[in-house]
Amino acid sequence: MGRFTRTKCAVPYPIPPIEFNNPEYLRHHGWMLKALDLAEQAGIEGDVPVGAIVVDGVGDAIAMAVNRREQDQDPTAHAEVLALRQAGLVRKNWHLTDCTLYVTLEPCAMCAGAIGLARIKTLVYGADDLKAGAVRSVWNIPDSPLSNHRLQVIGGFLEESCRSQLQDWFAKRRQ
Ligand code: ZN
């Protein structure tokens with residue numbers, strides 16, 4: 001069996017088979033697929049495809065957002081920042097201490113900072129960003145002296161799906 005099964009559904013990126021029958025893994029898997037779907041839509045609308053979801057401590061999604069930098073002409077309209085703002089509004093509380101943030105791409109310095117400020121409990125992200133990733137690739141803001149908040153990080157979740165989605169989008173743009 002190969003590393004992936006390219007599914008015949010509408011999504012143009014490969015989804016790997018479920019590898020572990022573990023409730024936490026399955027939960028992350030489900031939300032990351034949803035984040036990939038969101039990102040796909042952002043890509044169609046002309047933005048770099050990145051999707052983010054905030055899930056609360058009981059397992060409900062309280063915010064979903066995509067990168068809207070082009071759509072809004074806002075340099076700070078990254079998926080993570082928009083999702084965190086939305087989550088704070090929904091909660092009427094910016095302390096997101098029981099929440100998990102799912103995002104298809106490793107957060108940049110701005111977003112990694114915002115994730116710390118929001119006191120997010122767990123970050124689950126897909127593709128590493130070798131140019132701007134500020135969680136482990138270029139820099140590590142969560143573990144740096146800048147951060148006084150302990151963040152659990154699960155990096156590289158559905159990494160290949162998230163990376164293919166971005167690579168396909170950039171390849172199409174170059175055509
Ligand atoms: Zn960012």
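Predicted model only: the values in this text are computed from it and were never measured.

> What am I meant to see in unusual backbone geometry here?
With the exception of glycine, the majority of residues adopt a negative phi angle, and the majority of peptide bonds are in the trans configuration. If you check the backbone angles, K92 has positive phi at about 55° while not being a glycine. Within the fold, K92 resides in the loop between α3 (79–91) and β3 (100–105). Notably, R119 is not glycine yet its phi reads approximately 60°, a positive angle. Here R119 is to be found in the loop between α4 (109–117) and β4 (122–127).

> Just checking my understanding: could you explain the packing of helix α1 (residues 23–44) against helix α5 (residues 159–174) for this structure?
The angle between the axes and the distance between the axes are what describe a pair of packed helices. As a packed pair, α1 and α5 sit with axes 11 Å apart at the nearest point and diverge in direction by 5°. Classed by the angle they form, the pair α1 and α5 counts as roughly parallel. Residue-level inspection shows L36, A39, E40 and G43 of α1 in contact with α5, the latter providing S161, C162, Q165 and W169. In terms of residue class, the contact of α1 with α5 is built from four nonpolar, three polar and one charged.

> Help me out: how do you make sense of α1 in this one?
Side chains of residues three or four places apart in an α-helix project in the same direction, reflecting 3.6 residues per turn. For α1, which comprises 22 residues, the first-to-last C-alpha distance of 32 Å matches the rise-based estimate of 32 Å (1.5 Å per residue) to within 8%. Taken as a whole, α1 has its buried residues at W31, M32, A35, L36, L38, A39, E40, A42 and G43. Check the buried side of α1 and you find it contacts β1 (51–55), β2 (61–66), β3, β4 and α5. In the stretch just after α1, G46 is the one whose phi turns positive, near 100°.

> Would you take a moment to explain the packing of α3 against α4 for this structure?
At a minimum axis distance of 9 Å, the contact between α3 and α4 shows a crossing angle of 25°. When the interaxial angle is binned, α3 and α4 end up roughly parallel. Like other packed secondary-structure pairs, α3 and α4 cross with a definite hand, here left-handed. Residues E80, V81 and L84 of α3 form the contact with α4, whose own contacting residues are M110, C111, A114 and I115.

About the criteria used
Residues numbered from 1 in each chain as written. Predicted model: local features only at pLDDT ≥ 70, side-chain atom pairs only at ≥ 80, totals over all residues. Helix = DSSP H or I, 4+ residues; strand = E, 2+ residues; numbered from the N terminus. Axes fitted to C-alpha atoms, helices over the stretch in contact; angles between N-to-C directions. Parallel < 35°, antiparallel > 145°, perpendicular 65-115°, else oblique. Contact = placed C-beta atoms within 7 Å. Nonpolar A, V, L, I, M, F, W, Y, C, P; charged D, E, K, R; others polar. Expected span 1.5 Å × (residues − 1). Buried ≥ 20, exposed ≤ 12 C-beta atoms within 10 Å, placed from the backbone. Left-handed = near helix turned anticlockwise from the far one by under 90°.

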